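The chain contents come next:
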Amino acid sequence: MNEDKNKTSPDKPAPETPDKGFELLDTADKGQNLTVRDDQYDYYWIADAAKRCRQKGFRFRLIDTGRFEKIELIWLIGSGLDLYTDDQTRTDFKELEELSTECTKAHSLCSYLSTEKWNQSQDSEGSEFSGLLTFARSGAYIYVSSKNENRDLSQIKELAEGCHESGTHLVYYHRGPVEPIFTEIGDQGAWIHLPAKSMDPEQRLLLIDTCQNSRQNGGGLILHLERAVEYDLVEDLMNAGAFVLFLYGHFDYKSPFKELQKRARRKKYDSRSYYLQHDFFL
């Protein structure tokens, strides 16, 4: 690591259209959060813009597509940016742990999205899940989706524990029925995203307990309502502290949901509770 840091800075050519780079710096100087893909600008524009954002007290989020090598990312992290990467881009957990450690030193965020199956190994310590768990314990924010793969909820609980131990949070996008273990996942301060189809009125108490447990430990429950759900259930969950995204049509002014929608819009989301976009359900 120290040898890497002592190398000369990366030889990245200036962009062919400097105006684009200057526009980025001007935007950073205005004082606002910025999200940029690593293939949109050359190295030095990104580094400079990240520094300016940090100096203004705002976040600069870099979406990693694999363009930069590890050492280049380490230098960029030193500029104060937050790193957003995923299992389509980086799978070497030793490398990821180093990047997470650098983010911790720089008081930045290292966020990792996992959407694919966790390959198993005869040696449990060498499994992909084991690497992900160790990475979670390094101080990274882990985002897990069950859209493509059914997840073992006992493993989700372990990841939540690992994140909680390191002072971060697991964010879990769940598809399917809610199970009793969700209250234990909530105990570890996880942020849990649920679609309408996972909200069974028969599980009202379980959903409320999960929401309250999560909130008490720094996390929360985020409901993505792409279709109508029983009014009383939504109201009870909002009263318990749940965040609600109404993703379906506008309500008639006479609809009782209209007031719930207004309440929901007034609640501010923690930017760490979702991966890049709060209203996108993976």
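Going by the structure above, here's the rest.
Residues numbered from 1 in each chain as written. Predicted model: local features only at pLDDT ≥ 70, side-chain atom pairs only at ≥ 80, totals over all residues. Heavy atoms only, no water.

1. What about the environment of Leu 133?
Relative to the assigned elements, Leu 133 resides in helix H6 (residues 128–136). Looking at Leu 133, the relative accessible area reads 7%, which means it is buried. Sequence spacing of Leu 133 and Cys 163 is 30 residues, and the spatial spacing of their C-alpha atoms is 8.4 Å. If near-sequence neighbours (up to four positions away) are discounted, Leu 133 is found in contact with Glu 158, Leu 159 and Gly 162. (Helix = DSSP H or I, 4+ residues; strand = E, 2+ residues; numbered from the N terminus. Buried < 20%, exposed > 50% of the residue type's maximum accessible area, 1.4 Å probe, protein only. Contact = heavy atoms within 4.5 Å.)

2. Description of the nonpolar core
Side chains of a nonpolar character, in soluble globular proteins, are inclined to be buried together. Phe 60, Ile 142, Leu 170 and Val 234 are the most contacted members of the largest nonpolar core, which has 76 residues in total. Of all the elements, helix H3 (residues 43–56) adds the most residues to this core, at 7 residues. Residue contacts for Ile 142: discarding those within four places in its chain leaves Tyr 112, Leu 132, Phe 135, Ala 136, Cys 163, His 169, Leu 170 and Val 171. (Core = buried A, V, L, I, M, F, W, Y, C linked by side-chain atoms within 4.5 Å.)

3. Thoughts on the sheet that holds strand S2 (residues 60–63)
Taken together, the 9 strands give an open sheet; going across it, the order is S1-S2-S3-S4-S5-S6-S7-S8-S9, and neighbouring strands pair in parallel fashion. If you trace the sheet from one side to the other, it starts and ends with strand S1 (34–37) and strand S9 (243–246), each paired once. The sheet shows a mean angle of 15° between the axes of neighbouring strands, taken without regard to direction. The pairing of strand S8 (residues 220–225) with S9 spans 4 bridges and is parallel. (Pairing = 2+ DSSP bridges. Axes fitted to C-alpha atoms, helices over the stretch in contact; angles between N-to-C directions.)

4. Comments concerning the side chain of Ser 273
Along the chain, Ser 273 turns up in the segment after helix H11 (257–266). Its relative accessible area of 0% is what places Ser 273 among the buried residues.

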